[in-house]
Amino acid sequence: RIFSTQLQIAAERNLPLSIHGLRKWGRLLEILSRGPRPECGFLLHSYGGPIDMIKPFTKLGAYFSCPGFFLQAGREMKLAVFKEVPRERLLLETDAPDQRLPDELDRYQICDSISGIRINHPANIRAVYLGVAALRGTSVEELAVQVESNFRVLFANILARRKTLE
């Protein structure tokens, strides 16, 4: 009920939603199919769903964000899904401070000041770009241009509102 209310508000204002589905991809597809949905689209944060759901989600307006966490050993199947995401629907993320990268890719090794546990840093985004560029057989520069374009399309309304406030 709460999620449906959030969808309604986002649709009324045409603002993108960031959605974390976590193992409820079929149910999420059902809810999104019923609508309403924001015309500008929505982000499937840290998309961990199956390849066969990319097309139905895309038809509904989805953008798919790949976290650096999927560069970890044992996550190859999750990462492989992002080879199939349409280039105009791809976004990347670190999910900092959560979802750490593999140690060998973590150039900004920092610890939580309270717990002492290692956490992720947003500057690790370069490693995500390198990993996804290699996966998709493209250059980091080409990938960066595409991801920026995708970001600007999805968040155009927010970016425009921000400019009017400046």
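Each value, and the rule that gives it
- Residues numbered from 1 in each chain as written.
- Predicted model: local features only at pLDDT ≥ 70, side-chain atom pairs only at ≥ 80, totals over all residues.
- Heavy atoms only, no water.
- Buried < 20%, exposed > 50% of the residue type's maximum accessible area, 1.4 Å probe, protein only.
- Helix = DSSP H or I, 4+ residues; strand = E, 2+ residues; numbered from the N terminus.
- Arc of directions from axis to C-beta.
- Contact = heavy atoms within 4.5 Å.
- Polar contact = N/O pair within 3.5 Å; in protein donor to acceptor, adjacent residues only side chain to side chain.
- Salt bridge = Lys/Arg side-chain N within 4 Å of Asp/Glu carboxyl O.

Draft legend 1. Spotlight on helix α2 (residues 25-34). Every buried residue of α2 is listed here: W25, L28, L29, I31 and L32. Viewed along the axis of α2, the buried residues span an arc of 165°, placing them on a single side of the element. Residues of α2 that are buried in the fold lie against α1 (2-13), β1 (17-19), β2 (42-44) and α3 (54-60). Trailing α2 by a residue or two, G35 shows a phi angle of about 75°, which is positive.

Draft legend 2. Quick look at the side chain of N120. Considering the arrangement of structural elements, one finds N120 in the loop between β6 (118-119) and α5 (125-136). At 2.8 Å, the side chain of N120 forms a polar contact with the backbone oxygen of T94. Here N124 takes part through its side chain, which lies 3.0 Å from a polar atom of the side chain of N120. Excluding residues that lie within four positions of it along the chain, N120 makes contacts with T94, D95, A96, P97, D98, Q99, R100, L101 and I110.

Draft legend 3. How the structure looks around the pattern of salt bridges. A complete count under the given rule lists 5 salt bridges for this structure. Its salt-bridge partner being D103, residue R100 comes within 2.6 Å of it at the nearest N-O pair. For D103, a relative accessible area of 43% translates into the label partly exposed.

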